[in-house]
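What follows is the residue order along each chain.
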Amino acid sequence: MSKKMSISEVKTMLASEKANALAAMSAARLAEERADAMDYYLGDMRKDMPVQDGRSRAVSTDVADAIEGLMPSLMDIFAGSDEVVHFEPVGPEDVAAAQQETDYVNHVFMQQNGGFMILYSFIKDALLSKAGIVKVWWEEREEESRETYYDLTDDQFALLAQDVAESNGAMKIVAHTVRDGADLQDRSQTAPFEGFKAAANREPIDATAIVR
């Protein structure tokens, strides 16, 4: 058996439906205005001044001229200096930290993320489409690099293995090969100028490590 809704629940539901309907109407109106603005930006006046038979169509670039005229001065405000963002120190002890934060954030925004083009698109969208939107998120990812070592002695390989063990999983040895004494003797005789030096009871080891 269904429960009868109270007056307050009915009012809440109706208010929600009304808000959704108004939002849809506003979105549709905004979409139409944006389409018109783009036509005006491109000089298309057919909606306001339809083309007559035997006549040339009207072209007006007033919207494009106004937007392009404003862009240089607006870009100069936000991207005209070396520092788009500046951190102010709270006290004398924060001066170095604030400068480091300023340098880091400016590098991330302007260099790593193409901040100039982000600002340019953001400002131009606001002028043309009535809304400039920038999506911001923090992305974490792991990058692996591979390093290969050749002709390591036992001591050198032991040092490498120790570094890997102390990395707490950041590095790992994925493969290594050990040459026997006959191969060692052959290489020491046939390739004396390759920087390979044999030692008694010390076999060279090839090791491959992946560093995360």
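Refer to the structure above for everything that follows.
Quick caveat: nothing in here was measured; it's all calculated off a predicted structure.

### Observations regarding the overall build of the protein chain
So, step 1. Scanning the protein chain from terminus to terminus reveals six helices and three strands.
So, step 2. Going residue by residue from the N terminus, the α and β elements of the protein chain occur as α-α-α-α-β-α-β-α-β.
So, step 3. Residues classed as buried in the protein chain amount to 19% of the 212 residues present.
So, step 4. In the protein chain, the share of contacts with a sequence separation of at least 24, taken over all contacts with a separation of at least 6, comes to 62%.
So, step 5. With the model as given, the accessible surface of the protein chain reaches about 16,300 Å², and the carbon-plus-sulfur share is 56%.

### Considering the nonpolar core
So, step 1. Judged by nonpolar contacts, Ala37, Tyr41, Ala64, Ile67, Met71, Met75, Ala79, Leu119, Ile123 and Leu128 together constitute the single largest core of ten residues.
So, step 2. Breaking this core down by element, the ones donating at least two residues are helix 1 (7-41), helix 2 (62-79) and helix 4 (115-129).
So, step 3. In terms of residue count, the dominant contributor to this core is helix 2 (five residues).
So, step 4. Residues in contact with Ile123, not counting those within four places in the same chain, are Met71, Leu74, Met75 and Phe78.

### Overview of the side chain of Asp44
So, step 1. Considering the arrangement of structural elements, one finds Asp44 in the loop between helix 1 and helix 2.
So, step 2. A polar contact of 2.7 Å, which involves the side chain of Asp44, links it to the side chain of Arg46.

### Here's the deal with helix 2
So, step 1. Helix length check: helix 2 (18 residues) gives 26 Å between terminal C-alpha atoms against 26 Å at 1.5 Å per residue, within 8%.
So, step 2. Of all bends in helix 2, the biggest is about 30°, found at Met71, and the proline Pro72 comes one to four residues later.
So, step 3. For helix 2, the complete set of buried residues consists of Ala64, Ile67, Met71, Met75 and Ala79.

### Topic: the pattern of salt bridges
So, step 1. Enumeration according to the criterion identifies six salt bridges in this entry.
So, step 2. Where Lys47 meets Asp36, a salt bridge forms, and the shortest distance between an N and an O atom there is 2.8 Å. A residue pair is termed long-range when its members are at least 10 positions apart, and Lys47 in the loop between helix 1 and helix 2 and Asp36 in helix 1 qualify at eleven residues.
So, step 3. Across the pair Glu139 and Arg141 runs a salt bridge, and its minimum N-O distance is 3.4 Å.
So, step 4. Beyond isolated ion pairs, a larger network of salt bridges with shared partners links Glu32, Asp36 and Lys47.

### Some points on helix 4
So, step 1. Along its 15 residues, helix 4 runs 20 Å from first to last C-alpha, staying within 8% of the 21 Å computed at 1.5 Å per residue.
So, step 2. Where helix 4 is concerned, the buried positions are Gly115, Leu119, Ile123, Lys124, Leu128 and Ser129.
So, step 3. In the segment just after helix 4, Lys130 is the residue with positive phi, at about 70°.

### Digging into a nonpolar patch on the surface
So, step 1. A cluster of nonpolar side chains, contributed by Met5, Met13 and Leu14, occupies part of the molecular surface with about 280 Å² of accessible area.
So, step 2. As for its position among the elements, Met13 is in helix 1.
So, step 3. Owing to a relative accessible area of 40%, Met13 belongs among the partly exposed residues under this scheme.

Reading the values: rules and limits
Residues numbered from 1 in each chain as written. Predicted model: local features only at pLDDT ≥ 70, side-chain atom pairs only at ≥ 80, totals over all residues. Heavy atoms only, no water. Helix = DSSP H or I, 4+ residues; strand = E, 2+ residues; numbered from the N terminus. Buried < 20%, exposed > 50% of the residue type's maximum accessible area, 1.4 Å probe, protein only. Contact = heavy atoms within 4.5 Å. Areas by Shrake-Rupley, 256 points an atom, 1.4 Å probe, with all protein chains shown as cover. Core = buried A, V, L, I, M, F, W, Y, C linked by side-chain atoms within 4.5 Å. Polar contact = N/O pair within 3.5 Å; in protein donor to acceptor, adjacent residues only side chain to side chain. Expected span 1.5 Å × (residues − 1). Bend = angle between axes of the 7 residues up to and from the residue. Salt bridge = Lys/Arg side-chain N within 4 Å of Asp/Glu carboxyl O. Patch = residues over 30% accessible without salt bridge, like charges linked within 9 Å, V, L, I, M, F, W, Y side chains within 5 Å.

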